[in-house]
Each structure stands twice: as structure tokens, then as C-alpha cells.
Amino acid sequence: MTPLHARLAELATHGATSQGIDRGLFTAGEHAARALFAQWASDAGLRVEQDRAGNVFARLVGLRDDAPVQCGSHLDTVKNGGAYDGAYGVVGGLEAVTRIAASEPHPRRSIEVVAWAGEEGSRFPLGCLGSSVYAGLNAYHEVEALIGDDGESFDTALCGPHGLLADVPVRDDFPPPAAYVELHIEQGPILERTGARLGIVSAIAGQRRLSVVVQGVAGHAGTIPMRGRADALVAASELVLAIERAALEIGDAVATVGRMLVAPNQTNIVPGEVLFRVDIRSVDDARVVAIERSLRERAAEVATARGVRIAVETLEVRDAVPMETRTRDLVRRACLALDPRAIDVASGAGHDAMCIAQIAPTAMIFVPSVGGRSHVGDEHTAPDDLELGVDALAAVLSAAAAHVW
Ligand code: GLV
Ligand code: MN
Ligand code: MN
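Throughout, a residue's number is its position along its own chain's written sequence, starting from 1. Chains and ligands are labelled sequentially in the order written, the chains with letters from A and the ligands with numbers from 1. The predicted nature of this model means local features are confined to residues of pLDDT at least 70 and side-chain atom pairs, given and counted, to a pLDDT of 80 or more, with totals for whole chains, interfaces and linings taken over all residues. Calculation of side-chain values draws on the structure's entire complement of heavy atoms; hydrogens and water are dropped beforehand.

**Q** Go over the packing of aromatic side chains with me, naming the residues and quoting the values.
**A** The pairing test for Phe, Tyr and Trp rings, Trp by its six-membered ring, is centres within 6.5 Å, and the orientation test on the planes gives stacked under 30 degrees, edge-to-face over 60, and tilted for anything in between. In total, this model carries eight aromatic pairs according to the counting rule given. A ring pair is formed by Phe 57 and Tyr 134, whose centres lie 5.7 Å apart and whose planes are at 45°; its orientation type is tilted. Of this pair, Phe 57 sits in strand 2 (residues 56–60) while Tyr 134 sits in helix 4 (residues 129–134); the two residues are 77 residues apart in sequence, bridging distant segments of the chain. With respect to burial, Phe 57 and Tyr 134 carry one shared label: buried. On the numbers, 5.6 Å between centres and 70° between planes, the contact of Phe 124 with Phe 154 is edge-to-face. With Phe 124 in the loop between strand 4 (109–116) and helix 4 and Phe 154 in helix 6 (residues 154–159), the pair connects residues that are 30 residues apart, well separated along the chain. These aromatic residues form a ring-pair network of at least three members: Phe 57, Trp 116, Tyr 134, Phe 174 and Tyr 180. Remark: a charge is flagged as sitting over a ring if the NZ atom of Lys or the CZ atom of Arg is within 6 Å of the ring centre and within 35 degrees of the ring normal. Sitting above the plane of the Tyr 140 ring, Arg 52 keeps its charged end 4.0 Å from the centroid. A cation over an aromatic ring shows up here: Arg 171 above the ring of Phe 174, its NZ or CZ 4.3 Å from the ring centre. Put simply, DSSP H or I for four residues or longer makes a helix, DSSP E for two residues or longer makes a strand, and each gets a number counted from the N terminus. Using a 1.4 Å probe on the protein chains alone, a residue whose accessible area is under 20% of its type maximum counts as buried, one over 50% counts as exposed, and one in between counts as partly exposed.

This is how it looks when you write it as C-alpha cells:
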């Protein structure tokens, strides 16, 4: 087993469940994964620091130690997630930087690998949490006040036993990078279908996350006549179908209701309240806006027709992000040299690169996902493809560090 695989396998033991990996930000498993990364990086001779959002920075100090050439990804997972989403970019980044250090201990620019905190938004209601604070897109005081799905606030969790790492210096003046390159599994089927082993990411889809609360009237399931009910779940169901219809009709977009809470959630009670979240994405932002508009219009109609109250709140807006031309050209050159079948591919998934792209030239490298499967426990990428991705990343980081942009 190569060091890359051994490390991915070791990380996968932290937060392991019977169906995958559950590493919400500042949980025991996620903390253990972060601590392991900090230890590996420190053992490799990198300078390890963290900021108060929980991002961990590991730097190979170059001759010029200002804005680094940066790579990275995240160590948190979705519920019952896989071993590669995020972890691969962190461990692969560490492997690439270690390889560079072996041949060039003092590159022209510093090269840094970052484990961004809370990319998935699977515990606190904000995706790309750490990278968005670092990029100045969300103010720290907004993030501090977030309440996790388990009722604990970000601030309390950060200061608790699974928050910031002990013995790692905390700083808050990290400069924007000179360039950022994120290595990630594709999480979709396109590379596998075309036989490409490397993907040159063209753009990352824009996304919106919404929260919908439907307030009906709870009551006895056996006595309240069907006509005149204000059943919150039936109203919510109409909206779920309307969201699917809107995405299909508008086209080149996806929309998902992946989380729903029903209260009181009992067989013999007409549901009084339903809360659900909506995730809408497209590389064309206008389509995302159109689906949200359609949902809001339909919500108003359903509220009137069914005698319920419906509140729609936009939790998060991230516009589509094209990758930066020069950095993407470096990625293209490195990928084509290693795999003549490498292709351009858009990312339907969100990444920390979306946030870093707002402050620095940014590009991404993809490797194939077997069966296009991700956000599930059996997510897999062939070992040789994982290694090839690291080769590509190392080539891009070296080339970028040698440039002075
Ligand atoms: C994160 O992986 C996302 O795309 O939601
Ligand atoms: Mn990811
Ligand atoms: Mn993910």
C-alpha cells in the first residue's frame, strides 16, 4: 500500500459508521482526522498553523515566504459519506508537497496544503464554511452564531474538546494565495464514461441552499375529516414535486430535497409542521434563480390552497465559478502530459475552490469516480488514478511556485 492509500485508509476509520463515514465539523471523528493531518504534515517538516475557523494550514516554506501557492480540500464528510470526497485533496496535497520537498526543499514560493473546515455544511447550515471565512465571503461573527443540527453553536463546538487543535498555533492573518489548485474526485460519471483518468475542471456549478418551513395544524389522525385539514406534510410534498418539475422544465440544472423534518412525526397525528432544505445547482446561475422563483410562487399558491403558512428562506447563494485561465492552462499541460485522454469537465459538486476563486487564481484537477458514485459509503476511485492525480497536482504546484505572478 502506498503512503497515499495507507493514509486514506487510516482517515476512513475516523467517524466510520455501518454505512460509511460521518465526520461533521468539530465531532470526535473530524477532530481526529484534522489532528492526524496536522501530525503527518509536521512530521514531513511543514509549518503547521490553524485559524479560528478551524482551517489547518501546512506550509513548505519557500525562498519567498509571502503569498503561497496553495492546494487543499476538506476532511469533514456528509452523513454516511465516503473515504475520498475531500480527504483525497488533503492527503493528496500533502503527498504532492512532500514529493516536491524531497527534490526541492526550498521552492521559489512557499507551497501550502490546507484542510478547510466544514466544507459539506453537514453539521452547521453553511457549506464551504472555513474557506468562505478565509476568503472574507462570510464574516466570522456570522459563522460564530451558527447553530448545528444537534443544537450546539459553532462557537461552543470550536471551544470544546473537538474544536481547535491543541498545540497548533492559531493565527488570523493568512494572506490570500498566489494561486490555488484543488485535487478532488469527480463525484460524477463523465471521466469514467470517456475513459479519461484526469479531468481539467472548466467551472464549478453555482448553488443555492434554501430552508422551507410549512406550518399546518396538527390533530387527531382518526377524527379530523380529510376536507379542511391543514396537513403540513401533504403541502410540503406538493412543493417537493414542484421543485423536481421546475428543474426538469428549466433544464441543465438539478434540484434536490435531501433533508426533511416532520413534527410531531407520529403515525396517528396529522403533521403540524415540516421543515425541509432545498439544494439547487447549475453552471448557469439564471437557471438556479428561475427554480428558486418557481418554488416561491408555488409555495404561495399551496399556502392559500391548503390553509398552511409557508416560509422560504435563502440560506446560501454561491454563483457559478469559471476556473482561471492561466492556472487552468497549467493544469491542462500537466494533465495532458500524464494522460492524453484528459478532458475538460464542469463540476456539479461544490468545492472550497469556489470561495478561494474569489480571492486568487484558482483551478481544479479531477480523477474518476467508479460508477460516478459519491456522498455514499461505497464511493471509490482506482488506486492508480488517485496516484496519477497526485502526479498532476505536484507538477502544477511546482510550475506555479516557479512562476511569479
Ligand atoms: C459538497 O460536496 C457539495 O457539493 O454539496
Ligand atoms: Mn468535496
Ligand atoms: Mn461532498
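**Q** Can you break down the site of ligand 1 residue by residue, with the values?
**A** Being near a molecule or strand, for a residue, comes down to having at least one heavy atom within 4 Å of it. Taken together, Glu 119, Glu 120, Arg 209, Arg 281, Ala 349, Gly 350 and His 375 make up all the residues around ligand 1. A distance of 3.1 Å separates an oxygen atom of ligand 1 from a polar atom in the side chain of Glu 120. Within the side chain of His 375, a nitrogen or oxygen atom sits 3.1 Å from an oxygen atom of ligand 1. The Shrake-Rupley method, run with a 1.4 Å probe, gives the accessible areas here. Residue values count only the displayed protein chains as cover. Relative to its unbound accessible area of 190 Å², ligand 1 is 95% covered by the protein chains. Each residue gets one label: Ala, Val, Leu, Ile, Met, Phe, Trp, Tyr, Cys and Pro are nonpolar, Asp, Glu, Lys and Arg are charged, and the others, such as Gly, are polar. Taken together, the residues of the shell around ligand 1 sort by class into one nonpolar, two polar and four charged. Two N or O atoms count as a polar contact when they lie within 3.5 Å, although within protein this holds only if one can serve as hydrogen donor and the other as acceptor, and sequence-adjacent residues are included solely when both atoms are side-chain atoms.

**Q** Describe the coordination of the manganese ion (ligand 2), listing the residues and the values that go with them.
**A** Protein coordination at the manganese ion (ligand 2): the donors are His 74 (NE2), Asp 85 (OD) and His 184 (NE2), at 2.0 to 2.2 Å from the metal. Mapping the donors of the manganese ion (ligand 2) onto the primary sequence yields the spacing H-x10-D-x98-H. Only N, O and S atoms count as donors, using a 2.8 Å limit from the metal and a wider 3.2 Å limit for Na, K and Ca, and since water is excluded some coordination spheres may look unfilled. Here the manganese ion (ligand 2) and the manganese ion (ligand 3) are spaced 3.6 Å apart, and both take Asp 85 as a donor. Of this pair, Asp 85 sits in the loop between strand 3 (64–74) and helix 3 (87–103) while His 184 sits in strand 5 (residues 179–185), and the two are 99 residues apart along the sequence.

**Q** Please provide a residue-by-residue account of the sheet that holds strand 7 (residues 206–215), values included.
**A** For two strands to count as paired, DSSP must find a minimum of two bridges between them. Pairing is antiparallel in the open sheet, where four strands are placed in the order 9-11-7-12. This sheet does not close on itself; its edge strands, each paired only once, are strand 9 (254–263) and strand 12 (309–318). The average undirected angle you get between the axes of adjacent strands in this sheet is 15°. Pairing of strand 7 with strand 11 (residues 273–282) involves 10 bridges; the strand directions are antiparallel. A fitted line through C-alpha atoms represents every axis, and for helices the fit uses only the stretch in contact; the resulting angles, taken between N-to-C directions, go from 0 to 180 degrees.

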